[in-house]
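Breakdown of the fold
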Amino acid sequence: MAEEILEENLSEMLQVRRDKIKTYEEMGVKPFGERFDVTHHAEDVKKEFANIEGEEEHGEVTLAGRLMAIRGHGKASFATVADKSGSIQVYFKLDVLGEEAYKRFKMLDIGDIIGLMGAVFKTRRGEITVKIKSFKLLSKSLRPLPEKFHGLKDVEIRYRQRYLDLIMNPEVKNAFIGRNKTIKAIRDFLDSHDYLEVATPVLSTIAGGAAARPFITHHNTLDIDLYLRIATELNLKRLVVGGLERVYEMGRVFRNEGMDNRHNPEFTTVEYYEAYADFNDMMNLTEKLVQFAAEKVCGSLKVKYQDAEIDFSSMKRISMNDAVKEATGKDFMACNTIDEARAIADELHIAYEARFGIGGILNAAFEEKVEESLIQPTFITGHPTEISPLAKKNADDPRITDRFELFVYGRELANGFTELNDPIDQENRFNEQLKQREAGDDEAHVMDKDFITALEYGLPPTGGVGIGVDRLVMFLTDSASIRDVLLFPTMKPLTE
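Note that the structure is predicted; figures quoted are calculated from it, not measured.

Considerations on the overall build of the protein chain
Secondary structure assignment for the protein chain yields 15 helices and 18 strands. Judged by the C-alpha coordinates and their principal axes, the protein chain covers about 90 × 50 × 50 Å. Residues counted as buried form 49% of the 496 residues belonging to the protein chain. Restricting to contacts in the protein chain with at least 6 residues of sequence separation, those with at least 24 account for 65%. Of the roughly 25100 Å² that the protein chain leaves accessible, carbon and sulfur atoms contribute 50%. Looking at charge distribution, the protein chain has the averaged site of its 65 positive side-chain charges lying 7 Å from that of its 85 negative ones.

Listed below in structure tokens is the structure:
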């Protein structure tokens with residue numbers, strides 16, 4: 001019954017606002033106006049006139065924004081108008097505007113977008129205010145805003161209607177300003193290190209470069225299925241083969257996988273590749289890049305994130321096997337047979353699949369016993385070859401690769417390695433991945449024959465890295481969920 005009353009009240013409010021359109025038109029006022037010259041924004045006015053004293057009028061300003069509150073009735077009213085910079089108090093008075101204009105003011109609703117011209121003064125309470133001399137209705141709001149005292153708290157509505165979230169919770173925009181600064185910092189850093197930004201296709205006949213399920217679409221003219229890219233890696237390495245020695249791409253990638261506070265089906269990564277470098281070079285570069293971004297966005301290498309202080313000034317480095325050994329006392333790489341590794345996993349109550357080798361079981365142990373404990377920035381190295389189909393084997397121990405992952409707050413932030421540039425080894429690795437697909441792993445890599453062909457022409461020794469940009473933004477803006485740093489996160493459609 002209560003919901004029916006609310007719906008009825010909403011319908012009445014919607015109709016009242018629509019009825020005003022006709023009234024405005026009869027008055028010769030356009031309810032959806034035209035361009036408007038703005039000389040100041042709210043914060044500009046507050047800064048420029050911060051030192052004025054008394055209630056005398058100073059200068060003239062023209063600003064525009066959304067009407068967020070009206071206080072007072074009768075012949076004078078205060079109101080709050082918000083624009084991109086913030087909000088400011090404005091003052092409407094009958095004997096200043098005149099009867100006709102004041103009548104138009106009284107018809108305004110919360111949410112309307114208006115253009116204002118007036119003089120600045122300071123109230124007795126010391127608040128910078130604009131006394132309105134004239135105004136224009138620029139856009140009539142046909143829907144009421146959410147209840148003003150509590151703002152918009154429903155996260156479902158906030159994510160589905162981000163425009164409403166930004167109107168009611170102006171602090172939300174700080175995360176997206178931080179996102180913009182983070183992306184700019186990454187570009188500035190890589191550009192300054194002589195990297196060339198490139199663009200590679202989003203659609204491909206093969207989904208490669210990562211272990212993930214792709215989205216599939218169909219091209220009607222060619223009558224072929226295409227995949228939305230799950231990574232930019234293989235095309236970027238093709239460019240290194242072609243002689244572009246340092247390349248990067250800031251790109252949207254798509255993975256048909258689960259969703260939680262760290263995963264969205266589409267997200268942003270930056271991948272960068274450098275010829276004649278190895279994973280140690282790329283680890284050093286990645287550390288400097290993240291530090292550079294932290295300084296630019298937060299002004300410090302010590303960043304508050306949720307319940308922790310993350311110190312980016314010092315990043316620990318430890319192998320996966322040693323990290324597991326520290327946590328459990330067990331040395332998986334000392335196992336001579338798969339049965340030994342399985343026995344240790346069983347003892348530690350670590351789940352694993354029948355197809356896992358020793359390396360796969362080691363990785364399962366790491367994910368179960370270590371990963372979430374890595375709060376401070378930590379580079380994990382020595383990933384098993386079994387789980388690293390694109391990374392070069394370690395020269396001293398072919399069971400592991402020259403690879404690293406950077407973990408922060410128990411989450412993977414970056415993945416990098418010395419690229420596998422042996423086409424024969426790469427083809428064998430792809431074939432092993434195909435066997436895993438046949439065994440039921442639908443995230444295993446597929447065979448990319450053209451990539452093998454590219455390697456046969458010669459890929460120089462190369463280091464490569466991928467960083468989850470959204471996750472980095474989360475850390476630098478203290479955002480708990482990836483949805484808080486995506487303007488329009490993926491949401492399940494509402495049923496009628």
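Concerning the nonpolar core
Of all hydrophobic cores here, the largest spans 44 residues; its most connected members are L190, V270, Y272 and F312. With 9 residues, helix α9 (residues 279-298) is the largest single contributor of residues to this core. Discounting residues that sit within four places of it in the chain, F312 has contacts with V290, Q291, A294, L301, V303, P377, V408, F475 and L476.

Regarding the packing of aromatic side chains
On inspection of all chains with the given rule, the structure shows 11 aromatic pairs. Arranged with centres 6.1 Å apart and planes meeting at 65 degrees, the rings of Y91 and F121 form a pair that is edge-to-face. Taken together, the positions of Y91 in strand β3 (residues 86-93) and F121 in strand β4 (residues 113-122) put the pair 30 residues apart, joining distant regions of the chain. Considered together, Y91 and F121 belong to a single accessibility category, that of buried residues. Here the aromatic rings of F92 and F135 are separated by 5.7 Å at their centres, their planes lie at 90 degrees, and the arrangement is edge-to-face. With F92 in strand β3 and F135 in strand β5 (residues 128-139), this residue pair connects regions lying 43 residues apart in the sequence. Its relative accessible area of 0% is what places F92 among the buried residues. You can call F135 buried: its relative accessible area is 7%.

A short note on the layout of surface pockets
Empty space within the second largest pocket amounts to approximately 530 Å³. Taken together, 24 residues form the lining of the second largest pocket, with A82, D83, L166, I167 and P170 sitting closest to its centre. Put simply, the parts of the chain that give the lining of the second largest pocket at least two residues each are β1 (58-71), β2 (76-83), β3 and α6 (162-168). By residue number, the principal contributor to the lining of the second largest pocket is β1, which donates 5 residues. Residues belonging to the lining of the second largest pocket are distributed by class as follows: 13 nonpolar, 6 polar and 5 charged.

Things to note about the packing of helix α13 (residues 423-438) against helix α14 (residues 449-457)
It is the contact of α13 with α14, at a shortest axis distance of 9 Å, that shows an interaxial angle of 165 degrees. Judged by the inter-axis angle, α13 sits roughly antiparallel to α14. Seen from above, α13 lies across α14 with right-handed handedness. Here P423, Q426, E427 and F430 of α13 come into contact with α14, specifically with F451, I452, L455 and E456. Looking at the contact of α13 with α14 residue by residue, the classes come out as 5 nonpolar, 1 polar and 2 charged.

A look at the sheet that holds strand β16 (residues 403-408)
Taken together, the 8 strands give an open sheet; going across it, the order is β6-β10-β11-β18-β17-β16-β15-β14, and neighbouring strands pair in mixed fashion. On the outer flanks of this sheet lie β6 (196-197) and β14 (316-319), each paired with one strand and no other. Alignment of strand β17 (residues 411-418) against strand β18 (residues 462-468), held across 5 bridges, turns out to be antiparallel. Counterpart to F417 in the pairing with β18 is G464. Seen against the sheet, helix α8 (residues 233-241) touches β10 (246-254), β11 (266-275), β17 and β18 and runs at an angle of roughly 25 degrees to β11. Its contacts with the sheet put α9 on β11, β14, β15 (378-381), β16, β17 and β18, and the angle it makes with β16 is roughly 20 degrees.

Some remarks on the sheet that holds strand β8 (residues 216-219)
With antiparallel pairing, 3 strands are arranged side by side in an open sheet as β7-β9-β8. In the strand order of this sheet, the two ends are held by β7 (203-204) and β8, each with one partner. In this structure, β8 lies alongside strand β9 (residues 224-228), joined through 4 bridges in antiparallel fashion. When the sheet's bridge partners are listed, H218 is paired in β9 with D225.

Remarks on the pairing of strand β13 (residues 308-311)
The pairing of strand β12 (residues 302-305) with β13 spans 4 bridges and is classified as antiparallel. Counterpart to V303 in the pairing with β13 is I310. A loop of 2 residues connects β12 with β13, the two strands running antiparallel in sequence, and Q306 in this loop sits at a positive phi of about 55 degrees.

What to know about helix α12 (residues 358-369)
Under the 1.5 Å per step criterion, the end-to-end length of α12 is 16 Å for 12 residues, consistent within 8% with the ideal 16 Å. Those residues of α12 that sit buried are G359, G360, I361, L362, N363, A364, A365 and F366. Here the buried face of α12 lies against α10 (320-328), α11 (338-347), β15 and β16.

Structural notes on the environment of Q433
With respect to the helices and strands, the residue Q433 is situated in helix α13. On a C-alpha basis, the gap between Q433 and I387 in space is 9.5 Å, while along the polypeptide they are 46 residues apart.

Details of a nonpolar patch on the surface
A cluster of nonpolar residues, L166, L487 and F488, forms a patch on the protein surface that exposes about 290 Å² of accessible area. With respect to the helices, strands and loops of the structure, F488 is situated in the segment after α15 (469-477). The class of F488 is exposed, set by a relative accessible area of 59%.

Cut-offs and rules
Residues numbered from 1 in each chain as written. Predicted model: local features only at pLDDT ≥ 70, side-chain atom pairs only at ≥ 80, totals over all residues. Heavy atoms only, no water. Helix = DSSP H or I, 4+ residues; strand = E, 2+ residues; numbered from the N terminus. Buried < 20%, exposed > 50% of the residue type's maximum accessible area, 1.4 Å probe, protein only. Contact = heavy atoms within 4.5 Å. Areas by Shrake-Rupley, 256 points an atom, 1.4 Å probe, with all protein chains shown as cover. Lys, Arg positive; Asp, Glu negative; His and termini not counted. Charge placed at Lys NZ, Arg CZ, Asp CG, Glu CD. Core = buried A, V, L, I, M, F, W, Y, C linked by side-chain atoms within 4.5 Å. Phe/Tyr/Trp six-rings, centres within 6.5 Å; stacked < 30°, edge-to-face > 60°. 1 Å grid on protein atoms, 1.4 Å probe; cavity = no way out; pocket = protein on both sides within 12 Å on 5 of 7 lines; lining within 4 Å. Points joined across faces, edges and corners; volume = space filled by probe spheres on them. Nonpolar A, V, L, I, M, F, W, Y, C, P; charged D, E, K, R; others polar. Axes fitted to C-alpha atoms, helices over the stretch in contact; angles between N-to-C directions. Parallel < 35°, antiparallel > 145°, perpendicular 65-115°, else oblique. Left-handed = near helix turned anticlockwise from the far one by under 90°. Pairing = 2+ DSSP bridges. Expected span 1.5 Å × (residues − 1). Patch = residues over 30% accessible without salt bridge, like charges linked within 9 Å, V, L, I, M, F, W, Y side chains within 5 Å. Salt bridge = Lys/Arg side-chain N within 4 Å of Asp/Glu carboxyl O.

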